[in-house]
Amino acid sequence: MGLSYCTVSRALNGHPMVKAETRERILHEMEAIGFRPNPFARSLRGQGRGLIGICVVGVNAPILSTKIFYLQKFLREHNLRGLLEIAEDTPESELRVIEDFARIRTEGIVLIYSCLPAANTRDSFTKIPFVHVDPQDMQQVPSVALDRPKAMTLLFDHLLELGHRRFALMGVSRKDRWRGPALEQRAREVGLDPDRCFEEVPKFTKDSSISQGRALVEDYLRRGDDPATAFIALDDVTAIGVIEGIRRLGYRVPEDFSVTGFDHLEIGQELTPSLTTIEQESQEMMDAVGELLLKEISDRRSAPGLHRVEPRIVLGQSTGPTRTHRLPALT
């Protein structure tokens, strides 16, 4: 390559004096010959191992695999490696994973869907740089999250423009701080009473599934003869089940009911009708996570805060103008 050992070493260890094009050239040559730096050799020289602990709470969200893919891609591009651990949905389980990461001396930690309260987070990270991704508890720690309040407003406004004034929340709770308050606020802004325009249809299991979405809507539609005209589902998987349930009962989408999802999964776009949904911009989100983590690693004195990622509504065939005719009675 015509470069000194010192230059190569500095490039691999992220030295600021090495030009970006030089570093890219070195990484390209390493890839060509199949060379991989030994993280344990780095630790013997008193440096970090180049390992980043990734702790995920639960694995029931299909969009999660996409987010982890882009995070791993970012880490590889910066000569780092991710070590993935899955925690149960309890603070105790999550703290055990964090302790394991600390024991093997990871250089940083990424927490995805963390359920830790702010106090636990501050106590657990006195030395290790960390970043939260979509934390359940919005807190003043380094975090990156989709702007879900804006996402819900985008869906609501779209349905409102189509003439809908009553909405069934399929698996979505008005108590969900990321979604409920935004819906209620927007309803009030347009002159609607949230208690009258929203009906909650709660999940009966934690995990999302097509079968659950189908069961939720079938039970809802059998309970009354004047249902809402639009269904706002927790995610695309639930929305697909809702559409299937509507069809099983002899109704049509979007002629009789409109349905929205969340996540912009490929399967939702391949169906007929295709889903109106929210794109989470997963690559942009995980690039922001990686950049924030690198900043935390280099300077722990940086001010913590929440970086919000802008959502995007994807219009599909599952939403249409509100019906003007009365639905036939179920038999």
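The structure under discussion appears in the preceding block.
Colleague: So what's going on with the sheet that holds strand S9 (residues 258-260)? Residues and values would help.
Modeller: Sheet architecture is open: four strands sit in the order S7-S6-S8-S9, paired in parallel fashion. With partners counted over all chains shown, the strands left at the sheet margins are strand S7 (198-201) and S9, one partner each. Sheet twist, expressed as the average angle between the axes of neighbouring strands with direction ignored, equals 20°. Where strand S6 (residues 167-170) lies against S7, four bridges are found, and the strand directions are parallel. Following the sheet pairing, Leu169 is matched in S7 by Glu200.

Colleague: Tell me about the packing of helix H7 (residues 148-161) against helix H8 (residues 180-189), and please be specific about residues and values.
Modeller: In a pair of packed helices, the angle between the axes and the distance between the axes together describe the arrangement. Contact geometry for H7 and H8: axes closest at 8 Å, N-to-C directions at 45°. The angle between H7 and H8 falls in the class oblique. H8 is crossed by H7, and the crossing has right-handed handedness. Counting all contacts with H7, which are made through Pro149, Met152, Thr153, Phe156 and Asp157, the residues of H8 involved are Ala182, Leu183, Arg186 and Ala187. Its residues placed into classes, the contact of H7 with H8 shows six nonpolar, one polar and two charged.

Colleague: I'd like a description of the packing of helix H10 (residues 210-223) against helix H11 (residues 236-248), backed by residues and values.
Modeller: Relative to each other, H10 and H11 sit at 45°, their axes nearing to 6 Å. Compared by their axis directions, H10 and H11 come out oblique. Crossing hand, H10 versus H11: right-handed. In this structure, H10 uses Ile210, Gly213, Arg214, Val217, Glu218 and Leu221 to contact H11, whose residues at the interface are Val237, Thr238, Ile240, Gly241, Val242, Glu244, Gly245, Ile246 and Arg248. By residue class, the composition of the contact of H10 with H11 is seven nonpolar, four polar and four charged.

Rules behind the numbers
- Residues numbered from 1 in each chain as written.
- Predicted model: local features only at pLDDT ≥ 70, side-chain atom pairs only at ≥ 80, totals over all residues.
- Heavy atoms only, no water.
- Pairing = 2+ DSSP bridges.
- Helix = DSSP H or I, 4+ residues; strand = E, 2+ residues; numbered from the N terminus.
- Axes fitted to C-alpha atoms, helices over the stretch in contact; angles between N-to-C directions.
- Parallel < 35°, antiparallel > 145°, perpendicular 65-115°, else oblique.
- Left-handed = near helix turned anticlockwise from the far one by under 90°.
- Contact = heavy atoms within 4.5 Å.
- Nonpolar A, V, L, I, M, F, W, Y, C, P; charged D, E, K, R; others polar.

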